[in-house]
Amino acid sequence: MGFGREKKSSSALDELIEKAGGCAVVDGGLGTQLEMHGASFNDPLWSALCLIKQPDLIKTVHLEYLEAGADILVTSSYQATIPGFLERGLSIEEAENLLRRSVKLAVEARDEFWNDIQRNPLHNRNRALVAASIGSYGAYLADGSEYSGNYGPKINLEKLKDFHRRRLQVLVEAGADLLAFETIPNKLEAQACAELLDEENVQIPSWICFSSLDGKNAPSGESFKECLDVLNKSKRVAAVGINCAPPHFVLDLIKNFKELTVKAIVVYPNSGRLWDGIAKRWLQPSKCFDDEKFELSATRWRDAGAKLIGGCCQTTPDTIRAISKVLKLKF
Ligand SMILES: C[S+](C)CC[C@H](N)C(=O)O
Ligand SMILES: N[C@@H](CCS)C(=O)O
Ligand SMILES: [Zn+2]
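Residues numbered from 1 in each chain as written. Chains lettered and ligands numbered in written order. Predicted model: local features only at pLDDT ≥ 70, side-chain atom pairs only at ≥ 80, totals over all residues. Heavy atoms only, no water.

Novice: Hey, could you go over the pattern of salt bridges for me, with residue numbers and the actual values?
Specialist: Evaluation of the coordinates by the stated rule reveals 21 salt bridges. Note that lysine 161 and glutamate 199 form a salt bridge whose closest N and O atoms lie 2.8 Å from each other. Residue lysine 161 is located in helix α8 (residues 157-173), and its partner glutamate 199 is located in helix α9 (residues 187-199); the two are separated by 38 residues in the primary sequence. Linked through salt bridges whose partners overlap, the residues forming this network are Glu158, Lys161, Asp162, Arg165, Glu195, Glu199 and Glu200. (Salt bridge = Lys/Arg side-chain N within 4 Å of Asp/Glu carboxyl O. Helix = DSSP H or I, 4+ residues; strand = E, 2+ residues; numbered from the N terminus.)

Structure (structure tokens):
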């Protein structure tokens, strides 16, 4: 059986990139902006707690990112997993409904924004796409291992596929336009995601993004060459890149990825702070980008070859407004 509403490969994403003038704008930190609004989630479910407690706030944040210029909304399913919800005492049906809710909230925000903006005949916006977030296994573990890649000796390819399978099915059936695999920290999980797309015959495009601690390798220490060699074989992976890594690594990483793949490159770094997975807090920055630095960097990242640019943790609608402003400049 093929999941996805209609037969399409990477075309929806390619079309958006083209309409956006060669580089589309991804939104910014969702968990971050929920926290800016007062949400608190020092909890194994992290931002997925909002799906249960404050779904309206999630829709508000999606609308804020659209208003700021985002062409792509990433859903609130990063740390929303069926085992995570079961451990919280929810039923399978309730857990799956929360995943469906994450897509519905983004689709509703997109549709409302699109209907409103079309009343302005001079608008220059694109109809946004909804990318269903699939956070790494490490995000579910809630021990910071999405930044270390250390999943322990018991994990293997099949276990990772089984971890990802049902959530992926539910998110695709719920009507997402894309799948966004986020903060993948090692080759094994990248391979599991790519193989799963084939096994499930997923018809919507996906991007697979890695985190990085040193700007040269995946957090596991495996080279991006090794990781991308696996993904280059998959026609269902439309784009590859980096999310939630420090922004000062991004330019060199884009150049490195350009040598390693012909796929579109997606980058949405965090502001440069490091996550303490045990204390569950961001450490004080050594080097951090403000919105102005994001604005300056966005054109450099585009000129180096990135086709999708946005922000991750500690970036906000103001960051995306700054990025969007420069990427959508017409000369
Ligand atoms: C993107 S990180 C800040 C998400 C939270 C992490 N997975 C944890 O639960 O510790
Ligand atoms: N899509 C998630 C990624 C966290 S690393 C968020 O923006 O909160
Ligand atoms: Zn992040």
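Here the narrative resumes.
Novice: Can you break down the coordination of the zinc ion (ligand 3) residue by residue, with the values?
Specialist: Protein coordination at the zinc ion (ligand 3) comes from Cys244 (SG), Cys312 (SG) and Cys313 (SG), with a distance range of 2.2 to 2.4 Å. Around the zinc ion (ligand 3) sit four donor atoms, and with donor-metal-donor angles ranging over 96 to 129 degrees the site reads as tetrahedral. Here the donor residues of the zinc ion (ligand 3) share one chain and are spaced in sequence as C-x67-C-C. One end of the pair, cysteine 244, is in the loop between β6 (237-243) and α11 (250-260); the other, cysteine 312, is in the loop between β10 (306-309) and α13 (317-327), and 68 residues separate them in sequence. (Donors = N, O, S within 2.8 Å, 3.2 Å for Na, K, Ca; no water. Tetrahedral: all angles 85-135°; square planar, octahedral: opposite > 155°, others 65-115°.)

Novice: Now, about the packing of helix α4 (residues 55-68) against helix α6 (residues 92-117): what can you tell me, with residues and values included?
Specialist: Contact geometry of α4 with α6 gives a least axis separation of 9 Å together with a crossing angle of 40 degrees. As judged from the angle between their axes, α4 and α6 are oblique. Seen along the crossing, α4 lies across α6 with a hand that is right-handed. Each of Pro55, Ile58, Lys59, His62, Leu63, Leu66 and Glu67 in α4 lies in contact with α6, whose residues at this interface are Arg101, Leu105, Ala106, Glu108, Ala109, Arg110, Glu112 and Phe113. By residue class, the composition of the contact of α4 with α6 is eight nonpolar, one polar and six charged. (Axes fitted to C-alpha atoms, helices over the stretch in contact; angles between N-to-C directions. Parallel < 35°, antiparallel > 145°, perpendicular 65-115°, else oblique. Left-handed = near helix turned anticlockwise from the far one by under 90°. Contact = heavy atoms within 4.5 Å. Nonpolar A, V, L, I, M, F, W, Y, C, P; charged D, E, K, R; others polar.)

Novice: Go over the site of ligand 1, please, and point to the residues and values.
Specialist: The environment of ligand 1 is made up of Trp46, Tyr78, Gln79, Ala139, Ala142, Glu146, Tyr147, Trp275, Lys280, Trp282 and Cys313. The contact in question runs from an oxygen atom of ligand 1 to an N or O atom on the side chain of glutamine 79, over 2.8 Å. A distance of 2.7 Å separates an oxygen atom of ligand 1 from a polar side-chain atom of lysine 280. For ligand 1, the protein covers 99% of the area, taking 320 Å² as the surface of the free molecule. Its atoms largely coinciding with the cavity grid, ligand 1 occupies the largest cavity. (Near = heavy atom within 4 Å. Polar contact = N/O pair within 3.5 Å; in protein donor to acceptor, adjacent residues only side chain to side chain. Areas by Shrake-Rupley, 256 points an atom, 1.4 Å probe, with all protein chains shown as cover. 1 Å grid on protein atoms, 1.4 Å probe; cavity = no way out; pocket = protein on both sides within 12 Å on 5 of 7 lines; lining within 4 Å. Sits in = over half its atoms within 2 Å of the grid points.)

Novice: Any chance you could break down the pairing of β6 for me, citing the residues and the numbers?
Specialist: In the case of a regular strand, side chains alternate between the two sheet surfaces. Counting buried positions along β6 yields seven of seven residues, so the element is predominantly enclosed. Note that strand β5 (residues 206-210) and β6 share five bridges and pair parallel. Residue pairing for β6: phenylalanine 210 is matched across the bridge by isoleucine 242. Relative to strand β7 (residues 264-268), β6 is paired through five bridges, and the arrangement is parallel. For isoleucine 242, the partnering residue across the bridge sits in β7 and is valine 267. (Buried < 20%, exposed > 50% of the residue type's maximum accessible area, 1.4 Å probe, protein only. Pairing = 2+ DSSP bridges.)

Novice: Describe α8, and please don't skip the residues or the numbers.
Specialist: Its 17 residues place the ends of α8 24 Å apart at the C-alpha level, agreeing with the 24 Å of an ideal helix rising 1.5 Å per residue. Of all the 17 residues making up α8, twelve are buried; the element is thus mostly covered by neighbouring parts of the structure. Buried within α8 are the following residues: Leu157, Leu160, Lys161, Phe163, His164, Arg165, Arg167, Leu168, Gln169, Val170, Leu171 and Val172. In this structure, the buried residues of α8 make contact with α5 (82-87), α6, β3 (129-135), α7 (137-141), β4 (178-184) and α9. Following α8 by one or two positions, glycine 175 adopts a phi angle in the positive range, close to 105 degrees. (Expected span 1.5 Å × (residues − 1).)

Novice: So what about the sheet that holds β5? Which residues, and what values?
Specialist: The strand order across the open sheet built from eight strands is β1-β10-β7-β6-β5-β4-β3-β2, with neighbouring strands paired in parallel fashion. The sheet is open, and its two edges are formed by β1 (24-25) and β2 (72-74), each paired on a single side. Direction of pairing for β4 relative to β5: parallel, over a ladder of four bridges. Bridge pairing in β5 links isoleucine 184 to phenylalanine 210. Against the sheet, helix α10 (residues 224-232) makes contact with β5 and β6, and its axis sits at roughly 165 degrees relative to β5, the strand it touches most.

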